[in-house]
Structure formats: C-alpha cells, structure tokens
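What follows is each chain in one-letter form.
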Amino acid sequence: MNDGAVAAPPDRLLDLFHGVRLTPTQRRIAHCLVQHAATVAYLSAAEVAELAGVSQPSVTRFAVALGHDGYPALRRRLRELTAGPDGRADDGNELQRAVRAEMANLDRLAGELADRDRIAAAGRLLAASRPLPVLGLRAAAPLAAYFAYFAAKVLPDVRVIDDGGSLLTDRLEQAASAGADALLAFVLPRYPRETLDALRAARDAGLTVVAITDSPVSPATEYAELVLPAAVGTDLVFDLHTAPMTLAMVVLQAICDAAPIQTQQRLEAFESSAARRQLFLG
C-alpha cells in the first residue's frame, strides 16, 4: 500500500489473521468478520456466532487464537481497526466510499503481487494444462467467461464451466480424461454450494485447483492447492469484482510468460486471421 494511504476496514481486519493457522470453523468466523466489517465491532459474541453459523464458544476460542483474552478484547480491537484515521467513519457519500474501497482493494492486491512466485507458479501450472477448464458459477460466471475469452487466444483448448446441475461433475471428469491436470476456479460470495462441490469433484478427478477468491479465509481454501485472493467490494447493493477481474488478467499474463513462444505464435495467427476477415474497424 502507498505511504500515507489508509486501508479499508476489511483490509485491516485481514491483518489480524496474517500468520495465524486457523481451523475451518475459525476461517468461517474470520470470513464473517471481513464480510461484516462495518458492523461486526458492535456485535456480541452470540450475534457473531449466529452470523457465522458456529457456536458461541467457538467465537471465544477464535478470539483466544488471535492472541486476545476473550471476545470483548477482540471486539475492542475490531473497533479500533474499523474506525477512520480520526476515529470517525470515512468522509464522502456512499458512492464515493464504494469507489475508494475498490481503490484500496486494488492497492492491496498490488502490494501482494510484490511476491511474484505464487503468480508465476499458477501461470506455469495453468499453461501446461490441456485442456484448461475454467469454473465460475452464478456471480462468478462473467469473470470465468471474461478470462476464457482472452485465454483462448493463447491456449489451444479452454473450457468454460459456468452452469451447474448434474452435468457439472461430468464436464470436470471429461476434461481430466482429455488430459487436463489443473482447474482455474473463480469462487466469490455468496459461495454457491455447487461451486464447493465442484472443487471437491475436481480434486477427486485428479485436477490441481487454482482458486481466485475474495479472501485468504474463503471456503475455497479447503479445496484449492493454490489460493489467489482479491477482495470483493461490498459497499453497494451488489458486489464489485474489480480486484478479482484484475487478478484474473494478472494470472493470464503469468500464463503467457510461462509459454512465451507459443503465446507469440498464437497471437500472430489470430491477428492474421482478424486482418483477413476484417474483424475490427481501422
């Protein structure tokens, strides 16, 4: 993050969990705190437990795991983290705050990309998969389609899986039988149950799962071998996916970097075809 910039409350909450090994139940609580960053600091342990779908003692154990004496101490820390720099809510109307929160999400993503090893590893893994299945259900479907549209220009066989039902597992198993060894999955709130079932099925089929998701404590972490987080904006009626979409293009860049000769050849072939068919103006 740039010097002097103030992290959005969800970003500051994520710092609480950095380096802490959480159980699946504790990840659910952590995710609940991030999702309800604006109000969670004023909720009781029982209310947090109800939101997260866990027991109240689990919330207390979670607070202790983060180094606090109990939930009241954690709640005081949450109030400190969710206040503005002067102790008050950030200025501006709700639309400005939503856009600024997206700017903060992108800034945080930029900071995480300072370590290129994980992105490069994802690029190599996905570039080598023939075919490459790309999963995105419900709200994540447009991101899967956006990624796949461009990925198809540099990869010979990209298969979008953007609808559920009984055929979903069939399509994953067919991709594995055709030679796929990796899956790129977009896993975004509200986390369709079918998406998590698909990740389990992909793993059972022998596919290595790379997940672009909204948080390091997302439910996708239970099923993915490589998790790439990019925060989702939650300040408007519907979520903003600016950072996940940006991360998708970063991953595609890593795929191109992993196979530069093939990428150049396929791009040149597409440009020749586009010129011959006069696809674009000018």
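Residues numbered from 1 in each chain as written. Predicted model: local features only at pLDDT ≥ 70, side-chain atom pairs only at ≥ 80, totals over all residues. Heavy atoms only, no water.

This part takes up helix α6 (residues 94-112). The terminal C-alpha atoms of α6, which comprises 19 residues, lie 27 Å apart, in line with the 27 Å expected from a rise of 1.5 Å per residue. Those residues of α6 not exposed but buried are Ala98, Ala101, Glu102, Ala104, Asn105, Asp107, Arg108 and Leu109. (Helix = DSSP H or I, 4+ residues; strand = E, 2+ residues; numbered from the N terminus. Expected span 1.5 Å × (residues − 1). Buried < 20%, exposed > 50% of the residue type's maximum accessible area, 1.4 Å probe, protein only.)

Sheet strands pair by backbone hydrogen bonding; their relative direction is either parallel or antiparallel. The strand order across the open sheet built from 5 strands is β2-β1-β3-β4-β5, with neighbouring strands paired in parallel fashion. The open sheet has two edge strands, β2 (158-161) and β5 (226-229), and neither has a second partner. Adjacent strand axes in the sheet meet at a mean angle of 20 degrees, parallel and antiparallel pairs treated alike. Alignment of strand β4 (residues 208-213) against β5, held across 4 bridges, turns out to be parallel. Looking across to β5, one finds that Ala211 is bridged to Val227. Taken strand by strand, helix α10 (residues 193-204) contacts β1 (132-136), β3 (182-187) and β4, and its axis lies near 165 degrees from that of β3. Of the strands in this sheet, β3, β4 and β5 are in contact with helix α11 (residues 242-258), which crosses β4 at around 140 degrees. (Pairing = 2+ DSSP bridges. Axes fitted to C-alpha atoms, helices over the stretch in contact; angles between N-to-C directions. Contact = heavy atoms within 4.5 Å.)

Looking now at the packing of helix α2 (residues 24-35) against helix α3 (residues 45-52). Between α2 and α3, the least distance of the axes is 9 Å, while the angle of their chain directions is 105 degrees. As far as their axial angle goes, α3 and α2 are roughly perpendicular. Touching Arg28, Ile29, Cys32 and Leu33 of α2 are Val48, Leu51 and Ala52, all from α3. Each residue belonging to the contact of α2 with α3 can be placed in one class, and the counts come to 6 nonpolar, no polar and 1 charged. (Parallel < 35°, antiparallel > 145°, perpendicular 65-115°, else oblique. Nonpolar A, V, L, I, M, F, W, Y, C, P; charged D, E, K, R; others polar.)

Taken as a whole and judged by the stated rule, the model has 6 salt bridges. Residue Asp163 is joined to Arg171 by a salt bridge in which the shortest nitrogen-to-oxygen separation is 3.1 Å. Overall, the relative accessible area of 41% leaves Asp163 in the partly exposed class. Here Arg200 makes a salt bridge to Asp197, at a shortest N to O gap of 3.0 Å. One end of the pair, Arg200, and the other, Asp197, are both in helix α10, 3 residues apart, so they sit about a helical turn from each other. (Salt bridge = Lys/Arg side-chain N within 4 Å of Asp/Glu carboxyl O.)

As a further point, take the packing of aromatic side chains. What describes a pair of aromatic rings is the distance from one ring centre to the other and the angle between the planes of the rings. The full count for this structure, using the stated rule, is 4 aromatic pairs. With a centroid separation of 5.3 Å and 75 degrees between ring planes, the pair formed by Tyr146 and Phe150 is classed as edge-to-face. Taken together, the positions of Tyr146 and Phe150, both in helix α8 (residues 141-151) and 4 residues apart, correspond to about one turn of that helix. Looking at Tyr146, the relative accessible area reads 34%, which means it is partly exposed. Owing to a relative accessible area of 31%, Phe150 belongs among the partly exposed residues under this scheme. (Phe/Tyr/Trp six-rings, centres within 6.5 Å; stacked < 30°, edge-to-face > 60°.)

By size, the foremost hydrophobic cluster in this structure holds 34 residues, and its most contacted members are Phe147, Phe186, Leu228 and Val251. Those elements giving two or more residues to this core turn out to be α7 (117-127), β1, α8, β3, β4, β5 and α11. Looking at this core element by element, the count peaks at 8 residues for α11. The contacts of Phe186, once residues within four sequence positions are left out, are Val134, Leu135, Gly136, Ala140, Leu143, Ala144, Phe147, Thr195, Ile212 and Ala248. (Core = buried A, V, L, I, M, F, W, Y, C linked by side-chain atoms within 4.5 Å.)

Here the focus is the pairing of β1. Taking burial as the measure, the 5 residues of β1 include 5 buried ones, the bulk of the element. As paired elements, β1 and β2 share 4 bridges and run parallel to each other. Bridge pairing in β2 places Pro133 opposite Arg159. In this fold, the crossover linking β1 to β2 by way of α8 has right-handed handedness. (Right-handed = clockwise from strand over helix to strand, strands pointing away.)

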